[in-house]
Amino acid sequence: MDLNLKIYNTLTKQTDLFKPLHEGHVGMYVCGPTVYSNAHLGNARTFVSFDIMFRYFLHLGLKVRYVRNITDAGHLESDADEGEDKIAKKAKLEQIEPMEIVQRYTVDFHTIMQQFNTLPPSIEPTATGHIIEQIEMTKQILENGYAYESNGTIYFDVEKFTKEYNYTELSNRNLEELLNNTRDLDGQNDKRGRLDFALWIKAKPEHLMKWPSPWGDGFPGWHIECSAMSSKYLGEQFDIHGGGMDLIPTHHTNEIAQNLACHHKSPARYWIHTNMLTVNGQKMSKSLGNSFLPDELFSGNHKLLDKGYSPMTVRFFMLQAHYRSTLDFSNEALQAAEKGFQRLMNAIKLIPNLKTSEKSSIQLADVTKSIYDALNDDFNTPIALAQLFEMVRNINLINDGKESISVDDKLALEKLAKEIVFDVLGLKDEKNADDNKIDGLMQLILQQRSDAKVRKDYAASDAIRDHLKSIGIEVKDGKDGATYSVNSW
Ligand code: AMP
Ligand code: ZN
């Protein structure tokens, strides 16, 4: 198969032609959520971005094994092995079992992923289900001489590692500077070096999530789970490893170090990192208090929102930015996305009824090629969408009798819309048959209201608007006419 896909690779700092290790197959590992609280919209953005990549690989006919883990143990409050285990802390706060926390937020995460129409990964392994593999890997790293035990905790020896390997290859950070910027060990820590990190952590007696190990009861460090699970399901070397950009300096840097120290092989050939969803320029994060839950966005029940937006409007909004650019959240951008998404869906619905002619006056092949060129250029969804709107323009012109389409082109247009919009971009029409009837009725009512305005019968036009509002339908007047929204997401 001739693949012409280019991917920006954080490891090489350039856009590389994608060549799978095994022809026709792709192995992809993406760091999944830590299930200690509801996933926010920023988390969702990252997983929607990888969903597009997964879908595009499938569309290209590749056989994909997509592994996305669930972190249900070992993620401490600070990435530098400090603070409490996030899940244990939440369990204590709510006075329930840690595994109840894990269950609750795993279910919540799956619901959100379904609302955004993301495909489930091929394997979704959990850290607690792979304790043995993590202990085995820790043992091997110890045996290879890149780790040491200190009071029941096993630390990775970064200084030793840097003698043979480039610890900062992924992050491109200056090792000297890193050493200087990391604060001094305060004597309370058992680490030898400032950059050393825990592979296995000794559990305090009151700690609930702990397992027996050759070093006593404890629990795995956060980074080792991804090394152990990716090696188990994708092999010591595989094609793609992904996650949010915030994972580059610590989590992913340490994962590479662990794999090299254990297998003497760097795990992934292409590292893909998604940029952050921001609110007024600041990363959306729970700790900054600026995060939205997807449900708040769907219902409009949040102080920063004018109204609710449907899951597909939000997915469309996410696709309007390239995955490596930040995406800033705003009401205006969501309103524009809502309009754009509806325009796209309305045009696609027109295709089956387009009248055909002997010849096409539109250049469908050019639009199709531009869409594939965009997707092949590091999954450039904003350019692919812009090209799809060229298709929308053509559909509307054909529908108005201003352009013509042949039978063959009409079939190709239907296929293009189905494959790119639904299969690859993962959008779907959210309206069912009843919604379409409501839509038809609403157009009739809005037309009556507009006619009343032309007659200067403002009492009638206001009465229509007020009555609609009382039953939860909001009418908004804009320069292109009136639009409506039903407040019931
Ligand atoms: P966590 O549950 O914190 O381990 O995060 C799960 C994933 O979401 C990771 O890949 C993070 O990099 C990513 N992530 C966290 N915050 C954001 C954000 N504001 N925008 C995009 N991705 C994010
Ligand atoms: Zn990970």
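Residues numbered from 1 in each chain as written. Chains lettered and ligands numbered in written order. Predicted model: local features only at pLDDT ≥ 70, side-chain atom pairs only at ≥ 80, totals over all residues. Heavy atoms only, no water.

Teacher, can you tell me more about the overall build of the protein here?
Each helix and strand in the protein was counted, giving 16 helices and 17 strands. Scored against the burial criterion, the 489 residues of the protein give a buried share of 51%. For the protein, the share of sequence-separated contacts (at least 6 apart) that also reach a separation of at least 24 residues comes to 73%. Averaging the locations of the 55 positively and 68 negatively charged side chains of the protein gives two centres separated by 4 Å. (Helix = DSSP H or I, 4+ residues; strand = E, 2+ residues; numbered from the N terminus. Buried < 20%, exposed > 50% of the residue type's maximum accessible area, 1.4 Å probe, protein only. Contact = heavy atoms within 4.5 Å. Lys, Arg positive; Asp, Glu negative; His and termini not counted. Charge placed at Lys NZ, Arg CZ, Asp CG, Glu CD.)

For this particular structure, what's the right way to read the sheet that holds strand β7 (residues 147–150)?
Think of a sheet as strands paired side by side through backbone hydrogen bonds, with each pair either parallel or antiparallel. Strand order in the open sheet formed by four strands is β7-β8-β9-β10, with antiparallel pairing between adjacent strands. In this open sheet, the two edge strands, each paired with only one partner strand, are β7 and β10 (218–220). The mean inter-strand angle of the sheet, taken between neighbouring strand axes irrespective of direction, is 20°. Here three bridges tie strand β8 (residues 153–156) to strand β9 (residues 197–202), and the two strands are oriented antiparallel to one another. Bridging from a neighbouring strand, Ile 154 pairs with Trp 200 of β9. (Pairing = 2+ DSSP bridges. Axes fitted to C-alpha atoms, helices over the stretch in contact; angles between N-to-C directions.)

Please explain unusual backbone geometry as it appears in this structure.
It is generally the case that most residues other than glycine have a negative phi and that most peptide bonds are trans. Unusually for a residue other than glycine, Asn 280 sits at a positive phi of about 50°. Along the polypeptide, Asn 280 turns up in the loop between β13 (277–279) and β14 (282–283). Look at Asn 280 and you get exposed, because its relative accessible area is 68%. Not every positive phi belongs to a glycine, and Asp 378 is a case in point at roughly 55°. Inspection of the secondary structure puts Asp 378 in the loop between α12 (364–376) and α13 (381–399).

Sorry if this is basic, but what is going on with empty space enclosed by the protein here?
Take a probe with the size of a water molecule and roll it over the atoms, and the empty space left behind shows itself. Scanning all chains against the criterion turns up four cavities of 30 Å³ or more. As a volume, the largest cavity reaches approximately 110 Å³. What lines the largest cavity is Arg 45, Val 48, Ser 49, Ile 52, Met 53, Met 318, Leu 319, Ala 321, His 322, Tyr 323, Phe 379 and Thr 381. Where the lining of the largest cavity is concerned, the elements lending two or more residues are α1 (41–59) and α10 (311–319). Here the lining of the largest cavity takes five residues from α1, the largest share from any one element. A breakdown of the residues in the lining of the largest cavity according to their chemical character gives eight nonpolar, three polar and one charged. (1 Å grid on protein atoms, 1.4 Å probe; cavity = no way out; pocket = protein on both sides within 12 Å on 5 of 7 lines; lining within 4 Å. Points joined across faces, edges and corners; volume = space filled by probe spheres on them. Nonpolar A, V, L, I, M, F, W, Y, C, P; charged D, E, K, R; others polar.)

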